[in-house]
Amino acid sequence: MHRPNYLAVFWMFARNSLIRDMTFRTNYIIDVIFGLCWALMNLGFYTLVYRLMYADGDGAADIAGWSQYEFFVFIATTILVNSFVEGFFMANAEELSELTRTGGLDFALLKPIDTQFLVSLQRINWSAIPKLLLALALLAYSIPRIEGLTLHPIQFILYPLYIVMGTLILYSVMIGLAATSIWLGRNQSLYDFWFYITNFSRYPMEIYEGSFGSPLRFVFTYLIPILVVINVPAATLAKPLSDTNWPLAGFAVVATVGSLAISRWIFQRALMSYRSASS
Amino acid sequence: MSVIEIRGLRKSYRVYQKKEGLLASFSGLFRREYREVNAVKGIDLSVEKGEFVAFLGPNGAGKTTTLKLLSGVITPTSGEAKVLGYVPWERDNDYRRRFALVMGQKNQLWWDLPAQESFQLHQKIYRIDPAAFKQTKDELVDLLGVAKLLGQPVRELSLGERMKMELIAALLHSPEVLFLDEPTIGLDVVAQHNIQKFLKHYQQVRGITILLTSHYMKDIAALCKRVVIIAGGEIVHDGSLEGVIDRFSDYKILTVDFADDRMPSDLARFGEIREIAPPRAKIEVERSQIANVLTNVLANYSILDVSVEDPPLEEVIASLFALTEKQQNESKESNIAAAAANVAAAGKN
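Residues numbered from 1 in each chain as written. Chains lettered and ligands numbered in written order. Predicted model: local features only at pLDDT ≥ 70, side-chain atom pairs only at ≥ 80, totals over all residues. Heavy atoms only, no water.

Along the backbone of chain B there are 11 helices and 13 strands. Against the 2.2 N^0.38 benchmark of 20 Å for 349 residues, chain B shows a C-alpha radius of gyration of 26 Å, more extended than a compact globule. Principal-axis analysis of the C-alpha atoms places the extent of chain B at approximately 75 × 70 × 50 Å. Each of the 349 residues in chain B was classed as buried or not, and the buried ones make up 47%. For chain B, restricting intrachain contacts to residue pairs at least 6 apart in sequence, the fraction spanning at least 24 positions comes to 71%. Counting every atom, chain B has about 17500 Å² of accessible surface; 50% of that belongs to carbon and sulfur. When the 44 basic and 46 acidic side-chain charges of chain B are each reduced to a single mean position, those positions are 7 Å apart. (Helix = DSSP H or I, 4+ residues; strand = E, 2+ residues; numbered from the N terminus. Rg over C-alpha atoms; globule rule 2.2 N^0.38 Å. Buried < 20%, exposed > 50% of the residue type's maximum accessible area, 1.4 Å probe, protein only. Contact = heavy atoms within 4.5 Å. Areas by Shrake-Rupley, 256 points an atom, 1.4 Å probe, with all protein chains shown as cover. Lys, Arg positive; Asp, Glu negative; His and termini not counted. Charge placed at Lys NZ, Arg CZ, Asp CG, Glu CD.)

When cut into domains, chain B gives domain 1 (4-245) and domain 2 (250-309). Of note, the centres of domain 1 of chain B and domain 2 of chain B, computed from C-alpha atoms alone, are 44 Å apart. (Domains from an automatic or database assignment.)

Turning next to the interface of chain A and chain B. Across the boundary between the two partners, chain A contributes 37 residues, which contact 33 residues of chain B. For the pair chain A and chain B, the summed buried surface comes to about 3400 Å²; carbon and sulfur atoms form 58% of the total. Between chain A and chain B we count 4 salt bridges in total. Of the charged contacts, one joins Lys68(B) and Asp106(A) as a salt bridge, the two residues approaching to 3.8 Å between their closest N and O atoms. Viewed at the interface, chain B and chain A are joined by 10 residue pairs in polar contact (both at pLDDT 80 or more). Elements supplying a minimum of two residues to the side of chain A that touches chain B: helix 1 (6-23), helix 4 (105-110), helix 5 (115-121) and helix 11 (245-272) of chain A. Looking at which element gives the most residues to the side of chain A that touches chain B, the answer is helix 1 of chain A, with 10 residues. Per-class residue counts for the side of chain A that touches chain B are 18 nonpolar, 12 polar and 7 charged. (Buried area = accessible area lost by both parts, 1.4 Å probe. Salt bridge = Lys/Arg side-chain N within 4 Å of Asp/Glu carboxyl O. Polar contact = N/O pair within 3.5 Å; in protein donor to acceptor, adjacent residues only side chain to side chain. Nonpolar A, V, L, I, M, F, W, Y, C, P; charged D, E, K, R; others polar.)

Let's shift gears to the nonpolar core. All names here are of chain B. Among the nonpolar cores identified, the biggest contains 171 residues, and Ile4, Phe119, Met165 and Phe179 are the most heavily contacted of them. Here Phe179 is in contact with Ile4, Leu67, Leu70, Ser71, Val83, Tyr95, Phe99, Ala100, Leu101, Val102 and Leu211, once residues within four sequence places are set aside. Membership of the second largest hydrophobic core comes to 12 residues, among which are Ile283, Val285, Ile290 and Tyr301. (Core = buried A, V, L, I, M, F, W, Y, C linked by side-chain atoms within 4.5 Å.)

Quick look at the environment of Ala128(A) now. All names here are of chain A. By the secondary structure assignment, Ala128 is in the loop between helix 5 and helix 6 (129-142). We classify Ala128 as buried; its relative accessible area is 4%. Note: C-alpha distance between Ala128 and Phe88 (40 residues apart in sequence) is 8.9 Å. When near neighbours in sequence (up to four residues on either side) are disregarded, Ala128 contacts Ser83, Glu86 and Gly87.

To continue, consider the pattern of salt bridges. Side chains carrying opposite charge are able to pair once their charged atoms draw close together. Residue and element names in this part refer to chain B. Summed over all chains, the structure comprises 24 salt bridges over all chains. A salt bridge links Asp138 to Lys134; its shortest N-O distance comes to 2.7 Å. Separated by 4 residues within a single helix, Asp138 and Lys134 lie in helix 5 (residues 130-144), roughly one turn from each other. Looking at Asp138, the relative accessible area reads 35%, which means it is partly exposed.

With that settled, the discussion passes to helix 3 (residues 68-102) of chain A. Residue and element names in this part refer to chain A. Taking 1.5 Å per residue as the helical rise, helix 3 with its 35 residues ought to reach 51 Å, and the 48 Å between its terminal C-alpha atoms agrees with that figure. Along helix 3, the largest kink reaches about 50 degrees and is centred on Phe89. Counting buried positions over the 35 residues of helix 3 gives 25, a clear majority of the element. Following helix 3 by one or two positions, Gly103 adopts a phi angle in the positive range, close to 85 degrees. (Expected span 1.5 Å × (residues − 1). Bend = angle between axes of the 7 residues up to and from the residue.)

Residues and elements named next belong to chain B. The sheet built from 3 strands is open, its strands ordered 2-1-4 with antiparallel pairing. The two strands at the open ends of the sheet, each matched to only one other strand, are strand 2 (34-47) and strand 4 (78-83). Across the sheet, the mean angle separating the axes of adjacent strands is 30 degrees when strand polarity is ignored. Against the sheet, helix 2 (residues 63-71) touches strand 1 (4-16), strand 2 and strand 4, its axis set at about 115 degrees to strand 1. (Pairing = 2+ DSSP bridges. Axes fitted to C-alpha atoms, helices over the stretch in contact; angles between N-to-C directions.)

Moving on, we come to the sheet that holds strand 8 (residues 226-231) of chain B. All names here are of chain B. Pairing within the open sheet is mixed, and its 6 strands lie in the order 5-6-7-3-8-9. Strand pairing shows two members of the sheet lacking a second neighbour, strand 5 (99-103) and strand 9 (234-240), which therefore form its edges. Each strand axis lies, on average, 15 degrees off the axis of its neighbour in the sheet, ignoring direction. Sheet topology note: the strand 3 (residues 52-56)/strand 8 ladder contains 4 bridges and is parallel. Bridging from a neighbouring strand, Phe55 pairs with Val228 of strand 8. Across the sheet, helix 6 (residues 159-171) lies against strand 5 and strand 6 (177-181), angled at about 165 degrees from strand 5, the strand it touches most. Contacts from helix 9 (residues 241-248) reach strand 8 and strand 9 within the one sheet, and its direction differs from that of strand 9 by about 115 degrees.

Residue and element names in this part refer to chain B. Following Pro278, the chain continues to Pro279 via a peptide bond in cis, the omega torsion being 5 degrees. Checked against the element boundaries, Pro279 lands in the loop between strand 11 (272-277) and strand 12 (280-286). Of note, the phi angle at Leu84 is positive, near 55 degrees, even though the residue is not glycine. Structurally, Leu84 is set in the loop between strand 4 and helix 3 (93-96).

This is the structure:
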């Protein structure tokens with residue numbers, strides 16, 4: 001009875017955020033436009049790359065084994081995961097260092113509810129929705145154009161599941177980095193680090209090869225598992241199911257659970273050392 | 001059993017001592033000097049159910065730190081505390097559902113939204129029964145007279161109005177223990193008075209335990225029978241407000257209205273003269289001498305009116321703060337002197 005109803009609280013966050021977004025209409029519209037521009041520019045860039053490759057080669061262009069429409073699925077997956085991270089977590093992680101610096105975290109700590117939940121989800125960013133729709137449209141456009149692809153029903157289940165897992169991995173890295181601001185008083189730069197490393201997740205993992213690529217691939221698959229974030233769901237949908245995919249797909253589950261556990265540990269430790277700020 | 005039990009509570013911080021200037025900032029990158037700040041230096045206190053206790057002390061005395069420790073916002077360096085039987089910094093949800101902290105200088109309501117949206121969020125977070133929620137909210141809104149402001153974004157409220165909303169938000173879940181950190185700071189006299197009146201009424205009706213910090217003596221005089229004075233992280237007085245005067249001031253103020261404008265010139269023999277505005281004179285008289293002086297004055301001069309009063313509370317407390325600070329500095333210096341002497345002695349050996 002006395003456990004808070006997390007779903008009801010989450011719904012309240014979403015509702016209040018929407019009311020707030022609607023108050024600042026112009027701001028909301030600008031957010032939407034810039035978000036869409038970012039996604040479309042990404043898409044346009046790779047369309048150009050494939051055009052160039054078609055022009056150069058024998059008519060079968062691919063990037064590290066990804067044909068154009070397969071790669072569009074990859075991009076759609078990037079946009080999709082990105083819109084989830086932005087929609088749920090990004091504004092909150094950004095806010096965390098501010099809350100630490102001003103002592104606003106005090107109030108979060110007073111509430112009879114999980115502090116990490118409260119801090120991670122209190123601002124829902126509704127301007128991420130158009131981006132999400134764009135990603136879905138891109139999927140609908142690209143999938144029928146992939147040669148020789150017939151979708152198995154299980155792929156419809158696995159894809160959303162891996163999208164959620166990918167989102168959770170990115171969230172874990174994000175909140176883990178942001179939580180260090182509690183430890184260090186304020187450290188915005190460590191949170192900015194998230195943008196640098198997650199850049200690596202936006203490309204097919206096959207490109208990380210050779211004496212430079214292989215170590216990178218190892219680090220970003222097993223230590224900070226951001227390479228599985230986009231690669232696993234995208235491959236699940238765009239590539240035929242094969243024996244070589246399964247180990248990585250299995251590992252993605254482990255990586256998600258592991259990332260969440262580690263980031264939670266960091267968050268809890270950070271809270272213990274919270275110093276608050278002068279009143 | 002006491003609602004609040006504190007034993008030997010200590011909190012110290014390590015603070016980076018930044019030197020002035022750019023060059024010093026660079027050297028600070030490699031070698032840092034830290035200073036240990038003892039915000040709370042071993043406090044013992046117990047508070048019974050239904051008490052309304054004031055924490056009084058100069059800035060930086062450790063009042064807010066103590067409230068934050070009791071709220072579980074920060075963890076102590078050492079010592080124990082129990083509130084309602086819980087150790088605050090374990091942050092048990094059951095504990096967090098039973099107390100509230102209001103800070104006059106911070107705000108927990110959603111800045112861009114009307115306060116009522118934040119109230120609803122609280123209902124969900126604290127899982128308050130909808131009927132009870134409505135009843136409590138209506139009652140509080142009515143008592144504080146803010147019904148018309150519920151739909152206005154918090155950022156458009158005045159400071160006093162916002163403070164009322166903060167109080168409502170904090171009281172919606174009917175806490176048994178309430179920590180108030182300078183709830184009237186920056187408010188005008190009317191708003192201060194309204195909040196005082198509300199707190200007094202609410203505390204009497206609900207019988208909850210309240211710990212209040214304030215700089216306004218009026219707040220404290222109006223609300224609290226028990227005053228705990230903290231200075232330099234230690235408790236220097238725990239008792240009634242009147243007790244402060246009895247204990248820390250050894251004089252009274254004698255005001256004499258003479259029958260004509262010709263004031264006697266030898267008033268200084270009775271005590272220090274505070275003010276002379278013929279035909280009135282105010283003299284500080286030692287407490288033990290007050291009866292003698294009064295007889296003497298009445299016998300020797302023609303007097304229209306006379307009154308004996310305690311010195312103003314603010315004054316007593318200000319001098320008390322100054323005294324404590326001086327003592328603490330002296331003890332610090334004597335420690336340093338002792339240490340220096342030890343070093344010198346060691347050098348000789």
